[in-house]
Amino acid sequence: MHYKRILLKLSGEALMGEKQYGIDANRLNEYAEEIKQVVDKGIEVAIVIGGGNIFRGLTGAATGMDRVQGDHMGMLATVINGLALQSALEMCGVQTRLQSAIKINEVAEPFIRRRAMRHLEKGRVVIFGGGTGNPYFTTDSAAVLRAIEIEADVILKGTRVDGIYTADPEKDKNATKFDSISFQDVLTKGLKVMDTTAFTLSQENELPIVVFDMNKKGNLLKIVDGQTIGTTVNI
Ligand code: UDP
């Protein structure tokens, strides 16, 4: 296998499936099956899940809510998604642990790096909920931070599009996809991969990012097998 330890980032919106809000059970189960396939190959899998399908602090602030209050709601939303994903994975027979960046001890372990790494070594999928635990950050930043902390080989950002394009493929028919691109070129060309905080953290720590279509069955396994799927951002 190409990678030994991966950090998979799933956005909250990805869990909505065809719905407008919340969690789509079918989509959740599909993801759980995809993740199981790579776990069965002996890959160590950590997951950071977003919360945008339930709440975003910025959206709250746009309606007059205090931003920090909204961000706390967003972080709790990621814990809800984490619990849902944990349940779906365990129904497929995958062992999991949910660790939260905000203390919520009755439902999730606190984030403890050494403990997380031990779970991974034992073949358990570790889901990181609660983002970074701080307002004004995103779960992309949490994903990069946790990936570096647990010494993951790569961050796999599962999205609805199959990679990074020269322009938005939904708006520009002539847009072409990159198989690979450097961090610097992403910045120079003004392409959007992650928010700047997350992206720079990844660049500074030379952590490669693969952007790929998580909704296409088998893609996750193909990536860990070393096949060229999506776009890889590297130094
Ligand atoms: N959030 C936060 N700190 C973090 C991560 C997330 O305050 O470290 C809040 C923030 O309000 C954000 C929401 O949680 O909008 C959901 O996360 P995100 O928008 O990254 O989810 P995604 O877009 O991946 O679904």
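Residues numbered from 1 in each chain as written. Predicted model: local features only at pLDDT ≥ 70, side-chain atom pairs only at ≥ 80, totals over all residues.

Looking at an unreviewed UniProt entry, the protein chain carries the name Uridylate kinase, with the source organism given as Maribacter confluentis. Of the protein chain, the UniProt comment under Subcellular location (unreviewed entry) reads exactly: "Cytoplasm". We quote the UniProt Function (unreviewed entry) comment for the protein chain here in full: "Catalyzes the reversible phosphorylation of UMP to UDP." (UniProt positions renumbered as here; feature names shortened; annotations may be inferred.)

Draft legend 1. Broad picture of the overall build of the protein chain. Across its full length, the protein chain carries eight helices and nine strands. The C-alpha radius of gyration computed for the protein chain amounts to 17 Å, which stays within 12% of the reference 18 Å derived for 235 residues, consistent with globular compactness. Based on the C-alpha atoms only, the size of the protein chain along its principal axes is roughly 50 × 50 × 35 Å. Across the 235 residues of the protein chain, 44% fall into the buried class. Partitioning the intrachain contacts of the protein chain with sequence separation of at least 6 by distance along the chain shows that 71% fall at a separation of at least 24. (Helix = DSSP H or I, 4+ residues; strand = E, 2+ residues; numbered from the N terminus. Rg over C-alpha atoms; globule rule 2.2 N^0.38 Å. Buried ≥ 20, exposed ≤ 12 C-beta atoms within 10 Å, placed from the backbone. Contact = placed C-beta atoms within 7 Å.)

Draft legend 2. Up close: the nonpolar core. One finds Ile-6, Leu-7, Val-45, Ile-47 and Ile-155 to be the most contacted residues of the largest nonpolar core, which totals 65 residues. At six residues, helix H3 (residues 67-91) tops the list of elements feeding residues into this core. Each residue touching Val-45, except ones within four places of it in the same chain, is listed here: Ile-6, Leu-8, Ile-35, Val-38, Val-39 and Val-125. (Core = buried A, V, L, I, M, F, W, Y, C linked by C-beta atoms within 7 Å.)

Draft legend 3. Quick peek at the site of the ligand. In the vicinity of the ligand there are 24 residues, among which Gly-50, Gly-52, Gly-57, Gly-74 and Gly-131 approach most closely. Elements represented by at least two residues in the shell around the ligand include exactly helix H2 (57-62), H3 and helix H5 (139-149). Sort the elements by how many residues they give to the shell around the ligand and H3 lands first, with six residues. Looking at side-chain class alone, the shell around the ligand contains six nonpolar, 15 polar and three charged residues. (Near = placed C-beta within 6 Å. Nonpolar A, V, L, I, M, F, W, Y, C, P; charged D, E, K, R; others polar.)

Draft legend 4. Highlighting helix H7 (residues 196-204). Turning to H7, its buried residues are Ala-198, Phe-199 and Ser-202. Looking straight down H7, one finds its buried side chains confined to an arc of 95°; they lie on one side. When the buried face of H7 is taken as reference, the exposed residues oriented beyond 90 degrees from it are Thr-196 and Glu-204. Close packing links the buried residues of H7 with H5, strand E6 (154-159) and strand E8 (209-213). Looking at the residues trailing H7, positive phi occurs at Glu-206, about 55°. (Arc of directions from axis to C-beta.)

Draft legend 5. Main features of the sheet that holds E6. Here we have nine strands laid out as an open sheet, ordered E4-E3-E5-E2-E1-E6-E8-E9-E7, and mixed in their pairing. Here the strands that pair on one side only, and so sit at the sheet edges, are strand E4 (109-110) and strand E7 (180-182). Bridge count for strand E1 (residues 5-10) against E6 is five bridges, and the pairing is parallel. Residue pairing across strands places Leu-10 opposite Gly-158, the latter belonging to E6. Where helix H1 (residues 25-40) meets the sheet, its contacts fall on E1, strand E2 (44-49) and strand E5 (125-129), and the angle it forms with E2 comes to roughly 150°. Sitting on the sheet, H5 is in contact with E1, E2, E5 and E6, with an inclination near 155° to E2. (Pairing = 2+ DSSP bridges. Axes fitted to C-alpha atoms, helices over the stretch in contact; angles between N-to-C directions.)

Draft legend 6. Structural detail: the packing of H5 against H7. At a minimum axis distance of 8 Å, the contact between H5 and H7 shows a crossing angle of 15°. By the angle class used here, H5 and H7 are roughly parallel. For the pair H5 and H7, the crossing hand works out as left-handed. Of H7, the residues touching H5 (which contributes Asp-140, Ser-141, Val-144 and Leu-145) are Thr-197, Ala-198, Leu-201 and Ser-202. Taken together, the residues that form the contact of H5 with H7 break down as four nonpolar, three polar and one charged. (Parallel < 35°, antiparallel > 145°, perpendicular 65-115°, else oblique. Left-handed = near helix turned anticlockwise from the far one by under 90°.)

Draft legend 7. How the structure looks around helix H4 (residues 113-121). Taken residue by residue, H4 has Ala-116, His-119 and Leu-120 as its buried positions. Buried residues along H4 cover an arc of 100° about the axis, so they all sit on one side. Counted as exposed and oriented over 90 degrees from the buried face of H4: Arg-114 and Glu-121. Residues of H4 that are buried make contact with E1, E2, strand E3 (96-100) and E5. Positive phi appears at Gly-123, one or two residues downstream of H4, with a value of about 90°.

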